[in-house]
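Structural characterization, general
Chain by chain, the residues run as shown.
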Amino acid sequence: MLRFAMATAAMAAGGPLAAALSVAALAAVQPVTAQTLTLRPAEGAAARVGEVQPLADGVWWLPSRFERGRQPDGASLILQGREGLVIIDTGRHAEHAGALREWARRRAQPIRAVINTHWHLDHLGGNALLRRALPGLRTHASAAVREAIERRMPASDADLARMLADPATDADTRRMIEIDRALYAERALLLPDVVLEEAPRDIELAGRALRVGVLRGVSGGDAWVLDRASGTLAVGDFVTLPAPFLDTACAETWRAAMGELEALPFERVVPGHGPVMSRDDFKRYRRAFEGLLLCATSDKPVAECSAAWVADLGPLLPAASQRAAAGMLQHYFAERLRGSAEDRARFCPG
Ligand SMILES: [Zn+2]
């Protein structure tokens with residue numbers, strides 16, 4: 001449980017390590033054999049990255065990854081505009097961002113713009129590699145992303161430095177920490193060029209018509225992006241499997257945001273983590289999420305709430321991921337949903 005304890009310590013600091021390392025830590029301590037949590041040796045193995053897959057005309061998707069001994073990469077959405085590509089979320093690891101760049105290079109398409117849904121490094125970290133390679137790239141994100149880079153990341157970096165200095169920190173955790181500290185060292189490259197406003201608005205990037213807005217719930221400022229031509233909606237970590245990533249969440253605003261998202265005219269949803277969903281899948285996920293939050297306010301045992309979550313998701317959650325979901329929910333109930341009043345309100349506005 002050592003890694004788990006350290007992840008929890010990092011989460012207490014509220015750093016961007018939290019979302020990733022705490023769940024990765026759980027993956028490490030749970031005997032997980034999920035599709036989404038494929039076991040692999042962390043050391044000496046060639047890093048793998050998923051394949052870019054077509055979703056619709058001019059729309060592609062690079063799936064998320066989340067494996068033992070390694071922090072996650074969020075999914076990326078790629079949109080073809082008249083003047084080049086728009087990428088929504090850039091992953092954490094160099095393999096993920098490198099795959100985006102290589103895919104664009106092979107198609108001889110310039111990457112014109114990036115939108116980051118939120119500040120967690122598994123959605124933002126790849127900006128550093130892309131920015132280094134493509135100096136003219138314009139990045140767009142909420143004000144919360146700028147604030148996290150300027151305020152949270154230095155504090156989180158100091159926490160990580162302390163963890164590295166602790167001889168009890170194991171090798172897998174050290175590797176994860178070093179990857180994040182390298183991104184912190186380049187955090188000027190993560191800053192958005194354009195700060196997205198909260199109110200929904202129509203914009204054009206690289207000649208592609210988008211509707212974009214910012215809600216709160218996952219991270220204090222979570223952008224959504226609707227590709228108007230295809231009806232594809234990128235929601236960042238408002239939707240994640242095998243469980244909601246609640247590390248920096250405000251459950252109440254998240255619940256409200258899900259209603260606003262459902263009102264948008266989309267046909268498919270690209271979650272931050274997990275497979276692409278239909279509108280009906282999204283509605284099912286939302287119902288399961290509401291049920292989970294309600295269960296957390298009851299005196300039912302975590303295992304019961306967790307079983308209801310699995311049952312409500314039905315086919316959205318592969319059987320092999322159920323154990324991972326239960327482990328994560330046990331953690332989030334203790335740390336967030338059934339934490340002290342202070343824990344529960346920590347990431348809420350006001
Ligand atoms: Zn994420």
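All values reported here derive from a predicted model rather than from experimental measurement.

Another point: the coordination of the zinc ion. Within the protein, Asp 122 (OD), His 123 (NE2), Asp 237 (OD) and His 273 (NE2) serve as the donor atoms for the zinc ion, at 2.0 to 2.2 Å. Metal-centred angles of 84 to 156° between the four donor atoms at the zinc ion mark the site as irregular. Each donor residue of the zinc ion lies on one chain, and together they are spaced D-H-x113-D-x35-H. Of this pair, Asp 122 sits in helix α4 (residues 121-124) while Asp 237 sits in the loop between β11 (232-234) and α8 (251-262), placing them 115 residues apart in sequence.

Turning our attention to the state of the cysteines. Two cysteines joined by a covalent bond between their sulfur atoms form a disulfide. A complete count under the given rule lists two disulfides for this structure. One disulfide bridge connects Cys 250 with Cys 348, the sulfur atoms lying 2.1 Å from each other. Residues Cys 250 and Cys 348 are joined by a disulfide whose S-S torsion is about 95°; by sign, that bridge is right-handed. On the criterion of sequence distance, the pair formed by Cys 250 in the loop between β11 and α8 and Cys 348 in the segment after α12 (341-345) is long-range, its members being 98 residues apart. The partly exposed category is assigned to Cys 348, whose relative accessible area is 24%. Each sulfur in the disulfide pair Cys 295 and Cys 305 lies 2.1 Å from the other. Handedness of the Cys 295-Cys 305 disulfide follows from its S-S torsion of about -85°: it is left-handed.

Spatial strand order, β1-β2-β3-β4-β5-β6-β7: seven strands in an open sheet with mixed pairing. The sheet is open, and its two edges are formed by β1 (53-56) and β7 (194-196), each paired on a single side. Sheet twist, expressed as the average angle between the axes of neighbouring strands with direction ignored, equals 25°. Contacting β6 (138-142) and β7, helix α6 (residues 143-165) crosses the sheet at an angle of about 95° to β6.

Thresholds applied
Residues numbered from 1 in each chain as written. Predicted model: local features only at pLDDT ≥ 70, side-chain atom pairs only at ≥ 80, totals over all residues. Heavy atoms only, no water. Donors = N, O, S within 2.8 Å, 3.2 Å for Na, K, Ca; no water. Tetrahedral: all angles 85-135°; square planar, octahedral: opposite > 155°, others 65-115°. Helix = DSSP H or I, 4+ residues; strand = E, 2+ residues; numbered from the N terminus. Disulfide = S-S within 2.5 Å. Buried < 20%, exposed > 50% of the residue type's maximum accessible area, 1.4 Å probe, protein only. Pairing = 2+ DSSP bridges. Axes fitted to C-alpha atoms, helices over the stretch in contact; angles between N-to-C directions. Contact = heavy atoms within 4.5 Å.

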